[in-house]
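Here's the letter readout for the chains.
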Amino acid sequence: MKYRVAWYGLLLSVVLNMVLAALLWYSGRQEASALTTNLYLMDGEGENWTVINYKVVIDQERIKRGEARLRYIGSMAIDQSEYFGIEVIEDHETVYNTIHTSQGGPVSIYENLGNFGSITSPFGADDIKPERTSLENTIIQITWKDNQGEIHSERIPMSITDEIAI
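Residues numbered from 1 in each chain as written. Predicted model: local features only at pLDDT ≥ 70, side-chain atom pairs only at ≥ 80, totals over all residues. Heavy atoms only, no water.

Visitor: Any details on the pairing of strand 2 (residues 49-58)? Residues and values, ideally.
Guide: Burial analysis of strand 2 places seven of its 10 residues in the buried class, the great majority of the element. Where strand 1 (residues 38-45) and strand 2 come together, seven bridges link them in antiparallel fashion. Across the sheet, residue M42 finds its bridge partner in strand 2, namely Y54. As paired strands, strand 2 and strand 4 (residues 69-72) are joined by four bridges and run antiparallel to one another. (Buried < 20%, exposed > 50% of the residue type's maximum accessible area, 1.4 Å probe, protein only. Helix = DSSP H or I, 4+ residues; strand = E, 2+ residues; numbered from the N terminus. Pairing = 2+ DSSP bridges.)

Visitor: Go over the pattern of salt bridges, please, and point to the residues and values.
Guide: Tallied over the full model, the rule gives six salt bridges. In this structure, K64 and E67 form a salt bridge, with 2.7 Å as the shortest nitrogen-oxygen distance. Overall, K64 belongs to the partly exposed group, its relative accessible area being 30%. The class for E67 is partly exposed, based on a relative accessible area of 28%. (Salt bridge = Lys/Arg side-chain N within 4 Å of Asp/Glu carboxyl O.)

Visitor: Describe the confidence of the model for the chain, with residues and values.
Guide: For the chain, mean pLDDT is 84; residues scoring 70 or higher make up 80% of the total. Confidence scores differ between elements of the chain, with helix 1 (residues 2-34) showing the lowest mean pLDDT of 57 and strand 9 (residues 151-157) the highest of 97. Note that residues 29-33 has pLDDT below 50 and, in this model, zero contacts with residues that lie over four places away or in other chains. (pLDDT = per-residue confidence, 0-100. Contact = heavy atoms within 4.5 Å.)

Visitor: I'd like to hear about the packing of aromatic side chains, residue by residue, with values.
Guide: Evaluated as defined, the whole model comprises five aromatic pairs. For the ring pair W49 and F84, a centre distance of 5.6 Å and an interplane angle of 40 degrees mean the geometry is tilted. Here F84 lies in strand 5 (residues 83-90) and W49 lies in strand 2, a separation of 35 residues in the sequence. A residue is classified by how much of its surface remains accessible, and W49, at 0% relative accessible area, is buried. We classify F84 as buried; its relative accessible area is 0%. The rings of W49, Y72, F84 and W144 are connected pair by pair, giving a single aromatic cluster. (Phe/Tyr/Trp six-rings, centres within 6.5 Å; stacked < 30°, edge-to-face > 60°.)

The following block contains the structure:
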């Protein structure tokens, strides 16, 4: 009888330890997945411009967009341009905008192609974190004046080339 009680006690202890270990492991997995940071790299090409390595970094508290390189592949002269603008549109909403303008001299478009800047925004209580499907609808609109002062605009659809979850 003594051995039977000891045996049931040992069995109950083992079962409870296994249940506790499973609960701790599962809750740790949920916390880990909730703290994931996602990095999306995107590229796009239009008739006059190529966008290389546009980045979107999303974590629990904020989102960072930008840091892309631009390459001019058009044939019109733009080295004396007095206006150059970039607008990033995600799911029909502008999420980043930058304008370079000057009077009486060029804005040096070629010097501004290495990194068009970035923006970091915290998530508010009511904000919904963007998901891959909304990022797949990203368009970068580039507007510029050529050397004759004529305004041109091009919308470049972006494609996700790489995705990393950390």
